[in-house]
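Okay, here's what each chain looks like letter by letter:
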Amino acid sequence: MRTRLVVGNWKMNGSRAANAALLQAVRASGPWTAEVAVCVPAPYLVETALALQGSMMSWGAQDCSAHEAGAYTGEVAASMLAEFGCRYAIVGHSERRAYHGESDQVVADKAKRALAHGLTPIVCVGETLAQREAGETEAVVKRQMSAVIRTLEHCISQVVVAYEPVWAIGTGRTASPAQAQAVHALLRGQLLAATEKAAQMRLLYGGSVKADNAPALFAEPDIDGGLIGGASLVATEFAAICRAAARP
Ligand code: 13P
């Protein structure tokens, strides 16, 4: 049985005071049977690590460099994150693909670099509204996933995958449980062709997950948790989503 995973992606939000209050409140709302993590902006990583010491929650970054080290101004190396005990690194979030021009191959290289340093990459895939309406959902997510499968080869089983339809991110328009399950089943099938461990891999859904829609999404057989944006900034919402991820 796959342990469910709920990850808060704070994106570029927070302040030292707000983070302290949020982490304290979320921490106090545990324990959960699901695994819970938060991916916070880089300047807050160390303070987050300290705030979560001794708790069940783990923490991660929202990105990492595809490069090992060197003249890459502004980038953060996976090795640096690992030095502080970072557990996860989101790679290929649609906001990075869209605003920073990250290609499928760059995303795959980031995942490889993260794994090489003992971080678990959370690889995001997902189609835009135009792609969905053009009937291209399957082709797009398979193309995004296959770059990572090709690059990681047998290590692919060590990643977490997040299906985040771009049209559902921050829009309040969630994919229906059936829509999300259909893509998760497709991705699981693609992963099964690449690794015998695909049945143990965790596939998260992200895109306007809230406390009220989380139970129906998590009830789907191939949805193993969520990647939560806006709702992860509200302690009561995030805590309720973490509770909803308990296995019945
Ligand atoms: P929202 O939950 O705000 O829609 O964001 C989803 C997301 O992009 C998480 O990575």
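The structure this text deals with has already been given above.
Keep in mind that this is a model prediction, so the values were computed, not measured.

Novice: Quick question: what am I supposed to make of the site of the ligand here?
Specialist: In the vicinity of the ligand, the contacting residues are Asn9, Lys11, His93, Glu164, Ala168, Ile169, Gly170, Gly207, Ser208, Leu227, Gly229 and Gly230. The contact in question runs from an oxygen atom of the ligand to an N or O atom on the backbone of Ser208, over 2.7 Å. In this structure, Gly230 approaches the ligand through a main-chain N or O atom, which is 2.8 Å from an oxygen atom. Considered on its own, the ligand offers 310 Å² of accessible surface; in the complex 96% of this is hidden by protein.

Novice: Would you explain unusual backbone geometry in this entry?
Specialist: Generally, phi is negative for residues other than glycine and the peptide bonds are trans, each holding for most cases. Omega for the peptide link from Gly30 to Pro31 comes to 0 degrees, which places this bond in the cis form. With respect to the secondary-structure elements, Pro31 resides in the loop between α1 (16-29) and β2 (35-39). For Lys11, which is not glycine, the phi torsion reads 55 degrees and is therefore positive. Mapping Lys11 onto the fold places it in the loop between β1 (5-9) and α1. You will see that Glu153, though not glycine, has its phi angle at about 50 degrees, which is positive. Mapped onto the secondary structure, Glu153 falls in the loop between α7 (137-152) and β6 (160-163). We classify Glu153 as exposed; its relative accessible area is 54%.

Novice: Honestly, the side chain of Lys110 in this entry has me stumped. Any pointers?
Specialist: Within the fold, Lys110 resides in helix α5 (residues 104-116). From its side chain, Lys110 meets the backbone oxygen of Cys64 in a polar contact 3.5 Å long. A distance of 2.7 Å separates the side chain of Lys110 from the side chain of Glu102, its partner in a polar contact. In this view, Lys110 contacts Asp63, Cys64, Ser65, Ala66, Val91, Arg96 and Glu102; residues no more than four positions away in its chain are not counted.

Novice: Before we go on, may I ask you to explain the layout of surface pockets in this structure?
Specialist: To find leftover empty space, one rolls a probe the size of a water molecule over the atoms. As a volume, the largest pocket reaches approximately 580 Å³. Around the largest pocket, the lining is made up of 23 residues, and of these Pro41, Gln62, Asp63, Arg96 and His100 lie nearest the centre. Class assignment for the residues of the lining of the largest pocket results in 12 nonpolar, five polar and six charged. Computed from the structure, the second largest pocket encloses a volume of approximately 160 Å³. Looking at the second largest pocket, it is lined by 15 residues, and the ones nearest its centre are Lys11, Gly170, Ser208, Gly229 and Gly230. Of the residues that constitute the lining of the second largest pocket, the class distribution is five nonpolar, seven polar and three charged.

Reading the values: the criteria
- Residues numbered from 1 in each chain as written.
- Predicted model: local features only at pLDDT ≥ 70, side-chain atom pairs only at ≥ 80, totals over all residues.
- Heavy atoms only, no water.
- Near = heavy atom within 4 Å.
- Polar contact = N/O pair within 3.5 Å; in protein donor to acceptor, adjacent residues only side chain to side chain.
- Areas by Shrake-Rupley, 256 points an atom, 1.4 Å probe, with all protein chains shown as cover.
- Helix = DSSP H or I, 4+ residues; strand = E, 2+ residues; numbered from the N terminus.
- Buried < 20%, exposed > 50% of the residue type's maximum accessible area, 1.4 Å probe, protein only.
- Contact = heavy atoms within 4.5 Å.
- 1 Å grid on protein atoms, 1.4 Å probe; cavity = no way out; pocket = protein on both sides within 12 Å on 5 of 7 lines; lining within 4 Å.
- Points joined across faces, edges and corners; volume = space filled by probe spheres on them.
- Nonpolar A, V, L, I, M, F, W, Y, C, P; charged D, E, K, R; others polar.

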